[in-house]
Amino acid sequence: MKIAIDGPSASGKSTIAKLLSQRLDLPYLETGLIYRMFGYVAFSEKIPLEKVLDLFEEDFLVIFEVGKTDVYWKGKRLLEELKGEDVGRYASILGEIPALRQRVIKFLREIVGDSQVVAEGRDVGTHIFPEAPFKFFITASPEERARRRYLELRSKGLEVSYEEVLKAIEERDLRDTNRPLYPFKPAEDAHIIDTTNITVEQALEKVLSILKEHRD
Ligand code: DC
């Protein structure tokens, strides 16, 4: 069984997808990490955008298992390096390069093959696994997503204002939704879960009940 979980940043999709993977004992594939890995490498090594595709020839590894996805660049696991807002923004810029996106989609399809997976991202249900029998689109209002991201960043001791965070979220949404090829949008057959006024647990229960309803 393949389950596709898409949604904008700070919608709660990663938390929900990870918990779902644990509840169902299926591997969890966080597709954003590969864009973040290339974004981080390209940014820190000052690789121009037109050369980013060459990074595919380098030594990297994506390991996905129940509850987690790990990425390794030249044998080193990248974790904290990939979490920042700047890396996320750069990942979104790379996501606009059609040749890179096509290569990433092909790569992800190859590593998953016929396996079961809970895969999470922006285009899992639309382009990576359009054949997935279960698709969810996790969303929330930009203000609520900004509020969550703001609290998260403040709890890590970062000095940011709510307005700055909201602006960054709106910019990222705009870029992800308006790229000419592969614009970010829900699959036609996705179940939309709006988490603006519900908790993660309530959203997870909704997903589980939809799965149960359709599998019985
Ligand atoms: O889910 P995330 O915030 O880690 O993703 C970071 C960026 O990577 C996101 O703004 C757009 C890009 N991305 C993408 O284009 N397609 C995906 N399947 C996952 C991420």
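One structure accompanies this document, and this report is about it. Treat the numbers as computed from the prediction; the structure is a model and nothing was measured. (Residues numbered from 1 in each chain as written. Predicted model: local features only at pLDDT ≥ 70, side-chain atom pairs only at ≥ 80, totals over all residues. Heavy atoms only, no water.)

Moving on to the pairing of strand S4 (residues 68–73). Bridge count between strand S3 (residues 60–65) and S4: six bridges; the pairing is antiparallel. Pairing of Phe 60 across the sheet is with Trp 73, part of S4. Once S3 ends, the chain turns through two residues before running back antiparallel as S4, passing Gly 67 with a positive phi of about 80 degrees. Sheet topology note: the S4/strand S5 (residues 76–78) ladder contains three bridges and is antiparallel. In the sheet register, Trp 73 faces S5, and the bridge partner there is Lys 76. With antiparallel pairing between neighbouring strands as the criterion, S4 and S5 make up a hairpin whose turn holds two residues, including Lys 74 at a positive phi of roughly 50 degrees. (Pairing = 2+ DSSP bridges. Helix = DSSP H or I, 4+ residues; strand = E, 2+ residues; numbered from the N terminus.)

This paragraph deals with the sheet that holds strand S6 (residues 117–121). Strand order in the open sheet formed by five strands is S2-S6-S1-S7-S8, and the pairing between neighbours is parallel. The outermost strands of the open sheet, each flanked by one partner alone, are strand S2 (28–30) and strand S8 (191–194). Across the sheet, the axes of successive neighbouring strands diverge by a mean angle of 20 degrees, strand direction being ignored. For strand S1 (residues 2–6) and S6, the ladder comprises five bridges, and the chain directions are parallel. Among the inter-strand pairings, Lys 2 is bridged to a residue of S6, identified as Val 117. (Axes fitted to C-alpha atoms, helices over the stretch in contact; angles between N-to-C directions.)

On to the side chain of Arg 101, then. The residue Arg 101 is located in helix H4 (residues 98–112) in this model. Once residues within four sequence positions are removed from consideration, Arg 101 is found in contact with Tyr 35, Gly 95, Asp 123, Arg 179 and Tyr 182. (Contact = heavy atoms within 4.5 Å.)

So, about the packing of helix H1 (residues 13–24) against helix H8 (residues 200–215). Across the interface, H1 lies against H8 with an axial gap of 10 Å and an inter-helix angle of 50 degrees. Comparing their axes, H8 and H1 come out oblique. With respect to the hand of their crossing, H1 and H8 are arranged in right-handed fashion. Counting all contacts with H1, which are made through Thr 15, Ile 16, Leu 19, Leu 20, Arg 23 and Leu 24, the residues of H8 involved are Val 200, Ala 203, Leu 204, Glu 205, Val 207, Leu 208, Leu 211 and Arg 215. Looking at the contact of H1 with H8 residue by residue, the class counts come to ten nonpolar, one polar and three charged. (Parallel < 35°, antiparallel > 145°, perpendicular 65-115°, else oblique. Left-handed = near helix turned anticlockwise from the far one by under 90°. Nonpolar A, V, L, I, M, F, W, Y, C, P; charged D, E, K, R; others polar.)

This part takes up the sheet that holds S5. Reading across the sheet, the three strands line up as S3-S4-S5 and stay open at both edges, with antiparallel pairing between neighbours. Edge positions in the open sheet fall to S3 and S5, since each of these has one partner strand only. Each adjacent strand pair in this sheet contributes to an overall mean axis angle of 30 degrees, direction not counted. Here helix H2 (residues 32–44) sits on the sheet and contacts S3, S4 and S5; the angle it forms with S4, its principal contact strand, is near 25 degrees.

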